[in-house]
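Chains, contacts and geometry: an overview
One letter stands for each residue in the lines below.
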Amino acid sequence: MTAPTPLLSARALTKQFGGRNGCRNVSFDLYPGEVLCIVGESGSGKTTLLNTLALRTEADSGTLHYTSANRDHLDLRALSEPRRRLLMRTEWGFVQQNPREGLRTGVSAGANIGEPLMAVGARHYGQIRATATQWMERVELDATRIDELPAAFSGGMQQRLQIARNLVTGPRLVFMDEPTAGLDVSVQARLLDLLRSLTATLHLSVLIVTHDIGVARLLAHRLMVMQGGEVVEAGLTDQVLDDPQHPYTQTLVSSVLPV
Amino acid sequence: MSITESHTASAFARGFADNPALMLRAVGVAKTFTLHGQGGVQIDALDGVSLDVERGECVVLVGPSGAGKSTLLRCLYGNYLASEGTILVRDDAHEMRHRAISGAPPHDVLHLRRSVVGYVSQFLRVIPRVPTLTLVAEPLVTRGVPEAEARERAAALLARLNVPQRLWSLAPATFSGGEQQRVNIARGLIAEHPVLLLDEPTASLDAENRDVVADLIVEARLRGAAIVGIFHDEDTRARVATRRLELTPPLRHTATLH
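Just so you know, these numbers come straight off a predicted model, no measurement behind them.

**Considering the overall build of chain A**
- Along chain A, the regular secondary structure elements total 10 helices and 10 strands.
- For chain A, whose C-alpha radius of gyration is 18 Å, the value lies close to the compact-globule estimate of 18 Å for 259 residues.
- A total of 259 residues make up chain A; the buried ones form 42% of that total.
- Sequence-distant contacts in chain A: of pairs separated by 6 or more residues, those separated by 24 or more amount to 65%.

Dropping the structure here:
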């Protein structure tokens, strides 16, 4: 068996804000179908890293490569703006911590799911509506509420709506920034289970930022632990959590309250 | 790597090509934990253990508490990083007929866990909301077995382990300890991994269910699985073991106890 080509490859990626508060010297490969969690406390640089990887902020230095659906090996930092936008529309998704930032509040739930489809060329209204209905059911939303505005849904429902909006175009790589952080614990469990089954059945590659070790254990194949802007430990999820090597990871793991 | 080291490494590895029955080889595996939060104190948990396991063998680990039995199993599964030593597992999909678990990239360990090495502990890691039948069928589905067949096999195994059918559609979070453990065993054994690591799978079961589990383990062995296990009761050990490996607590560990 030969090793598959990584989907996303970062080498020595650095993004600083006035010499601090960023991420430094981050290197890793993400493989197709793999869920990678970035864990760390607030201020550790994990969201900066995610935004840099997703091309939402420009890296200062380092390299970032992506293997596209038609097998092109793209140098993301050198990619033109129109091609970046095309990539984000057709092959990537980005799920925000706050669903209201990732949804369009002025249009209906169905339109929120249908819009990304139209952006990649779907024109048949009936088909778009049918797909939106299917996706509402898939994320366990009441499909009869397809014409209601996002504000009419609860926080957990809005988050599921945002996930449907991101997955409807069949992306290959999805970035998620603390997707469960603002939700009640009972709603979290439902969302986690949904994410777990969707990532497995759709063979998605996912980069998730979280400060919650439980989320990481449930969803991730691999972990990267960040502290002070650097990745201090990385490895298989259960290995990093059961046999942490770095002092910071040991503190992080031992700080979780047993249930 | 020095010349002597690479020479020995290839000698370890040659066993897999020469001996088609060899499934798992551990050489000089040791584990020391460093607790940074507690003044960097070091705990030796396992002292240079070597072990070859062939197809159809069930090696039972014996020794007092603290001898490192569970630690060894976790090292073999890649759940703990071995501090020293080499762990090789047969992988016929690989041109060398084996892969290393020690020092392997996560990608390789995941591949081995999916296709070669299975691990059953005494604890079920509950996944919220996932029904029992789906949970048990999952390892088959991820290996490409059609969903209907996977569910059928899961149902048969759950029935055999006396998990009442009315529970199959429920998530096991609210089940009793013994029921959860049997769900866990079903999930661990269903995929028929060629190498099985069993950490006290019978710990909280009644005598009847312990017998069922022992039967399943013997069947796996007769099917050709290479098994390394820890069992707390002598009955089960006597029924499943083809060989025993005695572990002794590492010296430094014993020293700190006195």
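**Quick notes on the packing of helix α4 (residues 132–142) of chain B against helix α6 (residues 177–189) of chain B**
Residues and elements named next belong to chain B.
- Close contact between α4 and α6 brings their axes to 7 Å; oriented N to C, the two are set at 30°. In terms of orientation, α4 and α6 fall into the roughly parallel class. Contact residues: T132, L135, V136 and P139 in α4; V183, A186 and R187 in α6.
- Within the contact of α4 with α6, the residues separate by chemical class into 5 nonpolar, 1 polar and 1 charged.

**Focus on the interface of chain B and chain A**
- Taken together, the contact between chain B and chain A spans 16 residues of the former and 20 residues of the latter.
- Here the side of chain B that touches chain A is built from residues that sort into 9 nonpolar, 6 polar and 1 charged.

**Remarks on unusual backbone geometry**
Residues and elements named next belong to chain A.
- The phi torsion at E140 lies on the positive side, around 60°, for a residue other than glycine.
- Along the chain, E140 falls in the loop between α5 (125–138) and α6 (155–167).
- A residue is classified by how many C-beta atoms lie within 10 Å of it, and E140, with 14 of them, is partly exposed.
- One non-glycine residue, E178, adopts positive backbone phi at about 45°.
- On the secondary structure map, E178 appears in the loop between β7 (173–177) and α7 (185–201).

**Observations regarding the sheet that holds strand β3 (residues 35–39) of chain A**
All names here are of chain A.
- Here 6 strands make up an open sheet; going across it, the order is β6-β7-β8-β3-β9-β10 and the pairing mixed. Edge positions in the sheet fall to β6 (92–95) and β10 (230–236), since each has one partner strand and no second. Taken over all neighbouring pairs, the strand axes of this sheet differ in orientation by 15° on average, direction set aside.
- Bridging between strand β9 (residues 222–227) and β10 involves 6 bridges; their strand directions are antiparallel. Within β10, the position partnered with V225 by the bridge is E233.

**Observations concerning the confidence of the model for chain B**
Residue and element names in this part refer to chain B.
- On average, residues of chain B score 89 in pLDDT, and 92% of them are at 70 or above.
- Note on residues 253–258: pLDDT is under 50 here. Beyond four places in sequence and across chains, it has 5 contacts.
- With a pTM of 0.90, the predicted complex shows an ipTM of 0.88.

**Remarks on the pairing of strand β2 (residues 41–54) of chain B**
Residue and element names in this part refer to chain B.
- Where strand β1 (residues 22–35) meets β2, 10 bridges bridge the pair, whose relative direction is antiparallel. From the neighbouring strand, T34 faces β2, where its bridge partner is Q42.
- Hairpin connection from β1 to β2: 5 residues lie between these consecutive antiparallel strands, with G39 at a positive phi of about 70°.

**Things to note about helix α1 (residues 46–53) of chain A**
Residues and elements named next belong to chain A.
- When you tally the buried positions in α1, you get 7 out of 8 residues, the bulk of the element.
- What α1 keeps buried is the set K46, T47, T48, L49, L50, T52 and L53.
- One or two positions beyond α1, positive phi appears at L55, with a value near 65°.

**Things to note about the sheet that holds strand β9 (residues 243–246) of chain B**
Residue and element names in this part refer to chain B.
- Strand order in this open sheet of 5 strands is β6-β7-β8-β3-β9, and the pairing throughout is parallel. The open sheet has two free edges, formed respectively by β6 (117–120) and β9, since each of these has just one partner strand. Adjacent strand axes in the sheet meet at a mean angle of 20° when their direction is disregarded.
- Both strand β3 (residues 58–62) and strand β8 (residues 226–230) contribute to a ladder of 3 bridges, which runs parallel. Directly across from V59, in β8, lies its bridge partner V228.

Rules and cut-offs
- Residues numbered from 1 in each chain as written.
- Chains lettered and ligands numbered in written order.
- Predicted model: local features only at pLDDT ≥ 70, side-chain atom pairs only at ≥ 80, totals over all residues.
- Helix = DSSP H or I, 4+ residues; strand = E, 2+ residues; numbered from the N terminus.
- Rg over C-alpha atoms; globule rule 2.2 N^0.38 Å.
- Buried ≥ 20, exposed ≤ 12 C-beta atoms within 10 Å, placed from the backbone.
- Contact = placed C-beta atoms within 7 Å.
- Axes fitted to C-alpha atoms, helices over the stretch in contact; angles between N-to-C directions.
- Parallel < 35°, antiparallel > 145°, perpendicular 65-115°, else oblique.
- Nonpolar A, V, L, I, M, F, W, Y, C, P; charged D, E, K, R; others polar.
- Pairing = 2+ DSSP bridges.
- pLDDT = per-residue confidence, 0-100.

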